[in-house]
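So you can see what is in the structure, the chains are spelled out below.
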Amino acid sequence: MTSRSAWEDSRDHEDGAAERAFKPLTREEAQAWRATQRPMSPWHLVAAQAVAALAMVVLSVGIWRDAAVSWSVFYGALVVVLPAALMAWGITRRPPSADRGAVLGFLVWEGLKIGAAVVLLVMAPWVLKPVHWPALLGAMVLCLKVNWVTLLRRGRTKQTSETKE
């Protein structure tokens, strides 16, 4: 029992220190901060996925020299890039707003993106003859991971530009 209360005391102490260290921004400070933040277009992520897809297809042609593998890599990348482009189009066709409709719109387009990807995956056996599933799924995973690499790279670029100023 004493160890639990000691833990609670230390947690309360840490929370209190964090609350004292937190300082809300004034309206002017918040506007100045927003001015330094460039919004990232979803089209930037779609373009990065498309470039990665092209690189994967070229590598698959050069490494495996098997048409089934290369077409499966291409189709796997397409399963990610086409729905992402659909969602990017859907969420950028109206000006951004901060209301509930924007969140609902995002959720609807995300649902459509997932649905389109599922439909494309179900169609794979009819579109590709034969399907090389490891290549298709591997291309999908790599295209999806491009988002994280792009966002991490953007964050690092932003940090280094801030330290230079």
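Above this text you will find the structure in question.
To keep things clear, this report deals only with the structure shown in the data block. (Residues numbered from 1 in each chain as written. Predicted model: local features only at pLDDT ≥ 70, side-chain atom pairs only at ≥ 80, totals over all residues. Heavy atoms only, no water.)

Looking now at helix α5 (residues 100–127). Here α5 contains 28 residues, and its C-alpha end-to-end distance of 39 Å stays within 8% of the 40 Å for a straight helix at 1.5 Å per residue. Within the sequence span of α5, burial applies to Gly105, Trp109, Ala117, Leu120 and Ala124. (Helix = DSSP H or I, 4+ residues; strand = E, 2+ residues; numbered from the N terminus. Expected span 1.5 Å × (residues − 1). Buried < 20%, exposed > 50% of the residue type's maximum accessible area, 1.4 Å probe, protein only.)

The next thing to look at is the packing of aromatic side chains. Evaluated as defined, the whole model comprises two aromatic pairs. Here Trp71 and Phe74 contribute two aromatic rings whose centre-to-centre distance is 5.8 Å and whose plane-to-plane angle is 90 degrees, an arrangement assigned as edge-to-face. Here Trp71 pairs with Phe74, and both are found in helix α4 (residues 67–92), just three residues apart, close to one helical turn. For Trp71, a relative accessible area of 54% translates into the label exposed. Relative to Trp109, the ring of Trp89 has its centre 5.7 Å away and its plane inclined at 90 degrees; by these criteria the two rings are edge-to-face. Of this pair, Trp89 sits in helix α4 while Trp109 sits in helix α5, placing them 20 residues apart in sequence. Exposure remark for Trp89: the relative accessible area of 45% places this residue in the partly exposed category. (Phe/Tyr/Trp six-rings, centres within 6.5 Å; stacked < 30°, edge-to-face > 60°.)

Now for a nonpolar patch on the surface. Among the surface-exposed residues, Ile114, Val118, Val119, Val122, Met123, Trp126 and Val127 lie close enough to one another that they form a single nonpolar patch of about 690 Å² accessible area. Positionally, Met123 belongs in helix α5. (Patch = residues over 30% accessible without salt bridge, like charges linked within 9 Å, V, L, I, M, F, W, Y side chains within 5 Å. Areas by Shrake-Rupley, 256 points an atom, 1.4 Å probe, with all protein chains shown as cover. Salt bridge = Lys/Arg side-chain N within 4 Å of Asp/Glu carboxyl O.)

This next bit is on the packing of helix α3 (residues 42–63) against α4. Between α3 and α4, the shortest axis-to-axis distance is 9 Å and the interhelical angle comes to 170 degrees. In terms of their interaxial angle, α3 and α4 are classed as roughly antiparallel. Together, Pro42, Trp43, Val46, Gln49, Ala50, Ala53, Met56, Val57, Ser60 and Val61 of α3 and Ser70, Val73, Phe74, Ala77, Val80, Val81, Ala84, Ala85, Ala88, Trp89, Ile91 and Thr92 of α4 make up the contact between the two elements. Here the residues of the contact of α3 with α4 are counted per class, giving 18 nonpolar, four polar and no charged. (Axes fitted to C-alpha atoms, helices over the stretch in contact; angles between N-to-C directions. Parallel < 35°, antiparallel > 145°, perpendicular 65-115°, else oblique. Contact = heavy atoms within 4.5 Å. Nonpolar A, V, L, I, M, F, W, Y, C, P; charged D, E, K, R; others polar.)

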